[in-house]
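Each chain, letter by letter, is given below.
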Amino acid sequence: MASTKKFEIAAEAKEDTFAKTMTATAHLRIRQLILDNKWPPGFQATEQEVASTLGMSRTPVREALMRLQQDGLVSVIPRHGMRVLPVSSADMKEIYDILTSLESTAAELAAGRNLSDQQLEGLEKATADMDKALEEDDLERWAQADARFHEQLLELGGNQMLKSVVLNFIDRAHRVRMLTLKMRPKPVNSTREHAQLVEAIREGDREKARNIHKAHRERAGRELLALLDHLGLNHL
């Protein structure tokens, strides 16, 4: 009897792990479809349609959609599936306020951790990749390197809760940034500001690192919001 009970517990644990893995996979795949604008704002699908698209059962899809609703990317409509939420210019202003504050804190924390040159290699590589992408006029590759820089900065800040919160808001801003990427002036300022930030972190100057990144996010936010206003894009 004892061995049977152990077998049942082990089987249940294995099943639970599999279910969590499937939910995580569904969450990742749906999130990417939204961030890549393959499922644009206003896109609607039933739970079954989403499951069929992913080639999965409805249970992990249902749980993934609930997580994405918490992330602010979709609205789950009972008995009708889900709808991808738009992002308004007012939303973007609030998102950039949050990013400016919290990412500047991450930069300050990183500068206070006495990081080695080896630990800073990822930031330097991302900045170099941004420069190279601009030289080749490849804005999508530039955006990928830029996203990598910001994620690594959050990791180097050493606060995982802060990283989780900021990445959620970066996700929510991502669609608008990608849709307007080729409408904006060439982003030469960002690479220069990133390089300055890396040097401030290397020097261990917390205040300088915070101020550089604060100014970086404020400038980027002003430029994006001005473009949205100029184009009359209240929702994206």
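Residues numbered from 1 in each chain as written. Predicted model: local features only at pLDDT ≥ 70, side-chain atom pairs only at ≥ 80, totals over all residues. Heavy atoms only, no water.

## Looking at the layout of surface pockets
Within this model, the largest pocket holds a volume of roughly 730 Å³. Lining the largest pocket are 26 residues, with Arg31, Gln32, Leu35, Asp171 and His174 sitting closest to its centre. Looking at the lining of the largest pocket, the elements that each hand over two or more residues are helix H1 (2–35), helix H3 (58–70), helix H6 (139–157) and helix H7 (160–180). Broken down by element, the residue count for the lining of the largest pocket peaks at eight residues, all from H7. Of the residues assigned to the lining of the largest pocket, the class counts are eight nonpolar, nine polar and nine charged. A volume near 250 Å³ is recorded for the second largest pocket. Arg184, Pro187, Ser190, Arg219 and Glu223 are, among the 19 residues lining the second largest pocket, the residues nearest its centre. (1 Å grid on protein atoms, 1.4 Å probe; cavity = no way out; pocket = protein on both sides within 12 Å on 5 of 7 lines; lining within 4 Å. Points joined across faces, edges and corners; volume = space filled by probe spheres on them. Helix = DSSP H or I, 4+ residues; strand = E, 2+ residues; numbered from the N terminus. Nonpolar A, V, L, I, M, F, W, Y, C, P; charged D, E, K, R; others polar.)

## So, empty space enclosed by the protein
Under the criterion given, the structure shown has one cavity of 30 Å³ or more. Put simply, the largest cavity is a space of about 100 Å³. Forming the walls of the largest cavity are Leu99, Asp146, Ala147, His150, Ile170, Ala173, His174, Arg177 and Arg217. For the lining of the largest cavity, the elements supplying multiple residues, two or more each, are H6 and H7. With four residues, the single largest contributor to the lining of the largest cavity is H7.

## Thoughts on the environment of Glu223
Assignment of secondary structure puts Glu223 in helix H9 (residues 206–231). Between the C-alpha atoms of Glu223 and Arg184, which are 39 residues apart in sequence, the distance is 8.0 Å.

## Remarks on helix H2 (residues 47–54)
If you check which residues of H2 are buried, you get Glu47, Val50, Ala51 and Leu54. The buried residues of H2 all sit within an arc of 100° when viewed along its axis, so they share a single face. Once H2 ends, the next one or two residues include Gly55, with phi positive near 70°. (Buried < 20%, exposed > 50% of the residue type's maximum accessible area, 1.4 Å probe, protein only. Arc of directions from axis to C-beta.)

## Quick notes on the packing of aromatic side chains
All chains considered together, the criterion is met by one aromatic pair. Note on Trp39 and Phe43: the rings are 4.8 Å apart at their centroids and 15° apart in plane angle, and the pair reads as stacked. A relative accessible area of 8% means that Trp39 is categorised as buried. Look at Phe43 and you get partly exposed, because its relative accessible area is 26%. (Phe/Tyr/Trp six-rings, centres within 6.5 Å; stacked < 30°, edge-to-face > 60°.)

## A short note on the pairing of strand S2 (residues 74–77)
Relative to strand S3 (residues 81–84), S2 runs antiparallel, the two sharing four bridges. Bridge assignment links Ile77 to a residue of S3, and that residue is Gly81. Between the antiparallel neighbours S2 and S3 lie three residues, among them Arg79 with a positive phi of about 70°. (Pairing = 2+ DSSP bridges.)

## Structural notes on the confidence of the model for the protein chain
When pLDDT is averaged along the protein chain, the result is 89; 90% of the residues meet or exceed 70. Below a pLDDT of 50 lies the segment residues 7–11, which in the model reaches zero contacts outside its immediate sequence neighbourhood of four places, other chains included. (pLDDT = per-residue confidence, 0-100. Contact = heavy atoms within 4.5 Å.)

## Some words on the packing of helix H5 (residues 121–135) against helix H8 (residues 188–203)
Viewed as axis vectors pointing N to C, H5 and H8 meet at an angle of 165°, and their least axial separation amounts to 10 Å. Classified by the interaxial angle, the pair formed by H5 and H8 is roughly antiparallel. In this structure, H5 meets H8 at a crossing whose hand is left-handed. Residues Leu123, Glu124, Thr127, Met130, Asp131 and Leu134 of H5 form the contact with H8, whose own contacting residues are Val188, Ser190, Thr191, His194, Ala195, Val198, Ile201 and Arg202. Here the residues of the contact of H5 with H8 sort into seven nonpolar, four polar and three charged. (Axes fitted to C-alpha atoms, helices over the stretch in contact; angles between N-to-C directions. Parallel < 35°, antiparallel > 145°, perpendicular 65-115°, else oblique. Left-handed = near helix turned anticlockwise from the far one by under 90°.)

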